[in-house]
Amino acid sequence: MIKEGFIIRSNAGLYDVYVDGDIYASKPRGKFRKELKHPLVGDNVVIEVLNEKEGFIIDIKDRINYLIRPKVANIEQLVIIASLVDPVCETSLINRFMMLVSTANIKPILFISKCDREDFPNDKYLEIERVFKNIGYTVLKYSSKTNENIDQIKMLLKGHKTVFTGQTGVGKSKLINSLLGINQKVGETSKALGRGRHTTRLVEYIPYDEGWIADTPGFSLIDFDIIRISKEELSYEFPGFKKYFGKCKFRGCLHDSEPNCKVKEAVENNEIEKVQYETYLGILNELKNRKERY
Ligand code: ZN
C-alpha cells in the first residue's frame, strides 16, 4: 500500500513518517543513497507500507525551503526567540538572522523574552518591533513568568508547523515545555513517542494543537551556515529588494558600490530602512569573504 506523510524525526537511518495519526518507521529505498538525496525531517514523502509500523520511503517531494544546520525541510514558520536582557542578543545579530531566514524563503516570527524584567529595554524593543512590522513580520514580547502575550503565541502556533530557534539562556526550552504542558494529552503522546528527546541534538516534530512544533537544540544566531545562498540570490531575495530587480543600471547589481543603483536610491528616500540595508551589506560581505565550501 502506498501512503503520503511527512517525516517527524530521524534516528540512525530510520525515519518516522507521520500519516493521518499513524507513524511508520521507514527506511529510504536504496536509490536515495546513491542519488545523495537524503530525506530530512520535515520532508513530505511517499511510503510503501510494509506493515502497521514499518514502511519504505520511495519518494521525496520537492522542498519549499530547508535549513542546512540544523537539517530540517519545509519550514512553515520559524520562531526566533531572542532576549534583550541576560543574555543580551545584539539587535544587529537579530536583524541579520531574521533576514537570512527570510532570504531562504522561510517566514520568521520574532519573540522577545523576559519582558517582565525591570531592566527590560522597552524602547529598544519597540524599535525592533517597528522595523520588522514595517516589512510585514510578526514581533511579540512575552514572559514565561507572567505569561504576558502567551495567548497570542498559542494563536500563532495553532494548526501550523513551527520550528523554534534561540540561543542558550533566552528561555526557549521553558516556553516549549510550558506550551507542551498546557495540553496534557499532547505532552503524554510526545513522551510516549519520544526516544529520549532531551539527549538528542536532532530536530523532531511534536504534535501541538492541530499543528506541530520542533525545537532546534545547539543552534546559534551567529551560525551562518544555516542556508546555502549566493550573492546574486541574496541581492534578489533579500526582503524588500525584489521590486527593484532589473531596474539598477548594471545587470547583476549587488547594490553595493555600483553607481545608479535603485536599491541605494530607495534607502536614501527612506523606502528601505537604513538598518535593513546595513544588514544586507553585512551579509553580502560575509558571502564575499567566505570560502566556497559547497
Ligand atoms: Zn542595485
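Now for a description of the structure that goes with this document. (Residues numbered from 1 in each chain as written. Predicted model: local features only at pLDDT ≥ 70, side-chain atom pairs only at ≥ 80, totals over all residues. Heavy atoms only, no water.)

**Looking at the overall build of the chain**
Alright, step 1. For the chain, the count of helices and strands is nine helices and 13 strands.
Alright, step 2. What you see for the chain is a C-alpha radius of gyration of 21 Å, in line with the 19 Å of a compact globule of 294 residues.
Alright, step 3. In terms of principal-axis extent, the alpha carbons of the chain reach across some 65 × 50 × 30 Å.
Alright, step 4. Here the chain, with 294 residues, has 48% of them falling under the buried criterion. (Helix = DSSP H or I, 4+ residues; strand = E, 2+ residues; numbered from the N terminus. Rg over C-alpha atoms; globule rule 2.2 N^0.38 Å. Buried < 20%, exposed > 50% of the residue type's maximum accessible area, 1.4 Å probe, protein only.)

**Here's the deal with the side chain of Asn95**
Alright, step 1. Summarising the element assignment, Asn95 is placed in helix α2 (residues 91-103).
Alright, step 2. With relative accessibility at 8%, the residue Asn95 sits in the buried group.

**With respect to the sheet that holds strand β1 (residues 2-11)**
Alright, step 1. An order of β1-β2-β3-β5-β4 is seen for the five strands of this closed barrel, with the pairing classed as mixed. Strand-to-strand twist in this sheet, taken as the mean axis angle between neighbours without regard to direction, amounts to 55°.
Alright, step 2. The pairing of β1 with strand β4 (residues 44-49) spans five bridges and is classified as antiparallel. What sits directly across from Lys3, in β4, is Ile47. (Pairing = 2+ DSSP bridges. Axes fitted to C-alpha atoms, helices over the stretch in contact; angles between N-to-C directions.)

**Brief notes about helix α4 (residues 150-157)**
Alright, step 1. Every buried residue belonging to α4 is among Ile150, Ile153 and Leu157, and all of these are buried. Down the axis, α4 shows its buried residues gathered within 55° of arc, on one side only. α4 presents Asp151 and Met155 as exposed residues on the side facing more than 90 degrees away from its buried surface. (Arc of directions from axis to C-beta.)

**Describing the sheet that holds strand β10 (residues 138-141)**
Alright, step 1. Overall, mixed pairing links the six strands, which are arranged β10-β9-β8-β11-β13-β12 in an open sheet. Each edge of the open sheet is held by one strand with a lone partner, namely β10 and β12 (204-208). Mean inter-strand twist for the sheet, computed between neighbouring axes without regard to direction, equals 25°.
Alright, step 2. Bridging between strand β11 (residues 161-166) and strand β13 (residues 211-215) involves four bridges; their strand directions are parallel. Within β13, the residue paired with Phe164 across the bridge is Asp215.

**Some details on the environment of Phe111**
Alright, step 1. Along the polypeptide, Phe111 turns up in strand β9 (residues 107-113).
Alright, step 2. In the structure, Phe111 is positioned 30 residues away from Lys141 in sequence and 5.6 Å away in space, judged by C-alpha atoms.
Alright, step 3. Those residues in contact with Phe111 that sit more than four places away from it in its chain are Val79, Ile80, Ile81, Ala82, Leu140, Tyr142, Ile153, Leu156, Phe164 and Leu175. (Contact = heavy atoms within 4.5 Å.)

**Quick notes on the pattern of salt bridges**
Alright, step 1. Under the defined criterion, the tally for this structure stands at 19 salt bridges.
Alright, step 2. Between Asp119 and Arg117 there is a salt bridge; the shortest N-O distance is 3.1 Å.
Alright, step 3. Since its relative accessible area comes to 44%, Asp119 is described here as partly exposed.
Alright, step 4. For Lys274, the salt bridge goes to Glu278, with nearest N and O atoms at 3.4 Å. Here Lys274 pairs with Glu278, and both are found in helix α9 (residues 274-289), just four residues apart, close to one helical turn.
Alright, step 5. Given the relative accessible area of 44%, Glu278 is considered partly exposed.
Alright, step 6. If you follow the salt bridges from partner to partner, you end up with Arg9, Asp16 and Glu204 in one network. (Salt bridge = Lys/Arg side-chain N within 4 Å of Asp/Glu carboxyl O.)

**Examining the environment of Thr216**
Alright, step 1. Topologically, Thr216 is positioned in the loop between β13 and α7 (231-237).
Alright, step 2. With 14 residues separating them along the chain, Thr216 and Leu202 place their C-alpha atoms 7.1 Å apart.
Alright, step 3. Those residues in contact with Thr216, other than ones at most four positions away along the chain, are Pro70, Val163, Phe164, Thr165, Lys172 and Val203.
Alright, step 4. In terms of polar contacts, Thr216 uses its side chain to reach the backbone carbonyl oxygen of Phe164, at 2.6 Å. (Polar contact = N/O pair within 3.5 Å; in protein donor to acceptor, adjacent residues only side chain to side chain.)

**Quick notes on the nonpolar core**
Nonpolar side chains tend to gather and get buried jointly when the protein is soluble and globular.
Alright, step 1. In terms of nonpolar packing, the biggest core is built from 84 residues, with Ile94, Leu110, Phe111 and Phe164 touching the most fellow members.
Alright, step 2. With six residues, the single largest contributor to this core is α2.
Alright, step 3. The residues contacting Phe164, other than those within four sequence positions of it, are Val79, Ile81, Phe111, Leu157, Lys172, Leu175, Ile176, Leu179, Ile213, Ala214, Asp215 and Thr216. (Core = buried A, V, L, I, M, F, W, Y, C linked by side-chain atoms within 4.5 Å.)

**Quick look at the coordination of the zinc ion**
Alright, step 1. Every protein donor of the zinc ion is listed here as Cys248 (SG), Cys253 (SG), His255 (ND1) and Cys261 (SG), and their distances to the metal cover 2.1 to 2.4 Å.
Alright, step 2. Classification of the site at the zinc ion rests on its four donor atoms, whose angles at the metal span 105 to 113°, yielding the label tetrahedral.
Alright, step 3. If you list the donors of the zinc ion from N- to C-terminus, the spacing comes out as C-x4-C-x1-H-x5-C.
Alright, step 4. Given a relative accessible area of 11%, Cys248 falls into the buried group.
Alright, step 5. The exposure class of His255 is buried, given its relative accessible area of 4%. (Donors = N, O, S within 2.8 Å, 3.2 Å for Na, K, Ca; no water. Tetrahedral: all angles 85-135°; square planar, octahedral: opposite > 155°, others 65-115°.)

**Observations regarding unusual backbone geometry**
Alright, step 1. The amide bond that connects Arg69 to the next residue, Pro70, takes the cis arrangement and shows omega of -5°.
Alright, step 2. Its location among the elements puts Pro70 in the loop between β6 (66-67) and β7 (72-73).
Alright, step 3. The omega angle of the peptide bond from Asp86 to Pro87 is 5°, so this bond is cis rather than trans.
Alright, step 4. Tracing the sequence through the fold places Pro87 in the loop between β8 (77-83) and α2.
Alright, step 5. Its identity is not glycine, yet Asp209 carries a phi of approximately 40°, on the positive side.

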